[in-house]
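The primary structure of each chain is shown beneath.
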Amino acid sequence: MRRQFVAALMVLSLSSWACAQGISYTLLGQTLIDARLKLFSRNDSERETTLRKMFSDAGCADHLSEPAVKHVKQPNLVCILPGTSAEAILVGAHFDHIDAGDGVVDNWSGAALLPTLYEGLRSKPVRHTFIFIAFTGEEKGELGSASYVNGMSKDEVALSRAMVNMDTLGLGPPEVWLSHADPNLARALAGVANAMKLPFRAVNVEQVGSTDSEQFARRKIPSITIHSLTQETLPVLHSRRDQISAVRLNDYYDSYRLVAAYLTYLDRVMSEPAPAAPAK
Ligand SMILES: [Zn+2]
């Protein structure tokens, strides 16, 4: 079984766009992505335990820390993938949820992808240091992300080249919260989605809510949030309709594919020296 699985990975990773960019990335199969989505729990402590195991199984046991957060029972979970440079790319998603529903869409959909994205990236050397953070206490007012950001030193902030946040995936094709995104990060994301021929659009959500990337933007760290909310699907949020049945699995898998390619692309392009200004 294992051998066959690896073979499948290779075929997936060499899409024409990736070839054109000289980029290869590793994707896990949809069956596994769906299976990890189905590991959700209605209990945040169980979600914490499941995530810790998923990070460990993915190979992050030695680089996993659990900083406590005031006023929240569960800690943040932080998994680091060291790169050849100290410059960092942060990848985040909150794992807590509102009790009205099962919190599969908001936000087990994002949290469950963190160990998987780590697993894909660790198969090859990376240039940036990737920091994967499963935030606690987002529904209580972004307590986990605020705590993490407040704890960052000036140097750590300066070394943070990008923060990519995932919140509420799978309701439909992936979207960007454009009005609150760093323009360069948004342009790169649109470019990757376009090259992968994935349906992609901008939907601004400041009228309906907020999310963890806002805490990073507060300290001027270039940030972006990927979500899937629309006017039509908004009623699912924080309601008993937030169940596994609300997730469109193919759109969810596309969202995963997009983020996996995007992180690999950012790792590459953000480490390349800026092109020299044309001689006057
Ligand atoms: Zn959320």
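Residues numbered from 1 in each chain as written. Predicted model: local features only at pLDDT ≥ 70, side-chain atom pairs only at ≥ 80, totals over all residues. Heavy atoms only, no water.

Asks: Whenever I open this one, the overall build of the chain confuses me. Can you help?
Replies: Counting its secondary structure elements, the chain contains eleven helices and eight strands. Within the chain, buried positions represent 53% of all 280 residues. Relative to all contacts within the chain whose residues are 6 or more apart in sequence, the contacts with residues 24 or more apart total 83%. (Helix = DSSP H or I, 4+ residues; strand = E, 2+ residues; numbered from the N terminus. Buried < 20%, exposed > 50% of the residue type's maximum accessible area, 1.4 Å probe, protein only. Contact = heavy atoms within 4.5 Å.)

Asks: Teacher, can you tell me more about the environment of Thr-84 here?
Replies: Inspection of the secondary structure assignment puts Thr-84 in the loop between strand 2 (77–81) and strand 3 (88–94). Once the C-alpha coordinates of Thr-84 and Pro-125 are considered, the two residues, 41 residues apart in sequence, prove to be 7.7 Å apart. Apart from the residues within four sequence positions on either side, Thr-84 is in contact with Val-126 and Arg-127.

Asks: I keep staring at the state of the cysteines and nothing clicks. Help me out?
Replies: Two cysteines, two sulfur atoms, one covalent bond between them: this is a disulfide. Under the counting rule described, the total for this entry stands at one disulfide. For Cys-60, the disulfide goes to Cys-79, at an S-S distance of 2.2 Å. Across the S-S bond of Cys-60 and Cys-79 the torsion is about 115°, and the bridge reads as right-handed. Remark: Cys-79 occurs in strand 2 and Cys-60 occurs in helix 4 (residues 44–60); sequence separation between them is 19 residues. On the basis of relative accessibility, which here comes to 0%, the residue Cys-60 falls in the buried class. (Disulfide = S-S within 2.5 Å.)

Asks: Teacher, can you tell me more about the packing of helix 9 (residues 183–195) against helix 11 (residues 249–269) here?
Replies: Between two packed helices, both the angle of their axes relative to each other and the distance between the axes serve to describe the pair. Their axes nearest at 10 Å, the elements helix 9 and helix 11 cross at an angle of 125°. Comparing the axis directions of helix 9 and helix 11 gives the class oblique. For the crossing formed where helix 9 meets helix 11, the hand is right-handed. Residues Leu-185, Ala-188, Leu-189, Val-192 and Ala-193 of helix 9 form the contact with helix 11, whose participating residues are Leu-258, Ala-261, Tyr-262, Tyr-265 and Leu-266. Class assignment for the residues of the contact of helix 9 with helix 11 results in ten nonpolar, no polar and no charged. (Axes fitted to C-alpha atoms, helices over the stretch in contact; angles between N-to-C directions. Parallel < 35°, antiparallel > 145°, perpendicular 65-115°, else oblique. Left-handed = near helix turned anticlockwise from the far one by under 90°. Nonpolar A, V, L, I, M, F, W, Y, C, P; charged D, E, K, R; others polar.)

Asks: Just checking my understanding: could you explain the coordination of the zinc ion for this structure?
Replies: Geometry reference: four tetrahedral donors at a metal, ideal angle 109.5 degrees. Six octahedral donors, ideal angles 90 or 180 degrees. For the zinc ion, the protein coordination sphere consists of His-94 (NE2), Asp-106 (OD), Asp-167 (OD) and Asp-167 (OD), at 1.9 to 2.7 Å. Between the donor residues of the zinc ion, the gaps in sequence give the motif H-x11-D-x60-D. Taken together, the residues His-94 in strand 3 and Asp-106 in helix 5 (residues 104–111) connect sequence positions twelve residues apart. Neither residue differs from the other here; His-94 and Asp-106 are each classed as buried. (Donors = N, O, S within 2.8 Å, 3.2 Å for Na, K, Ca; no water.)

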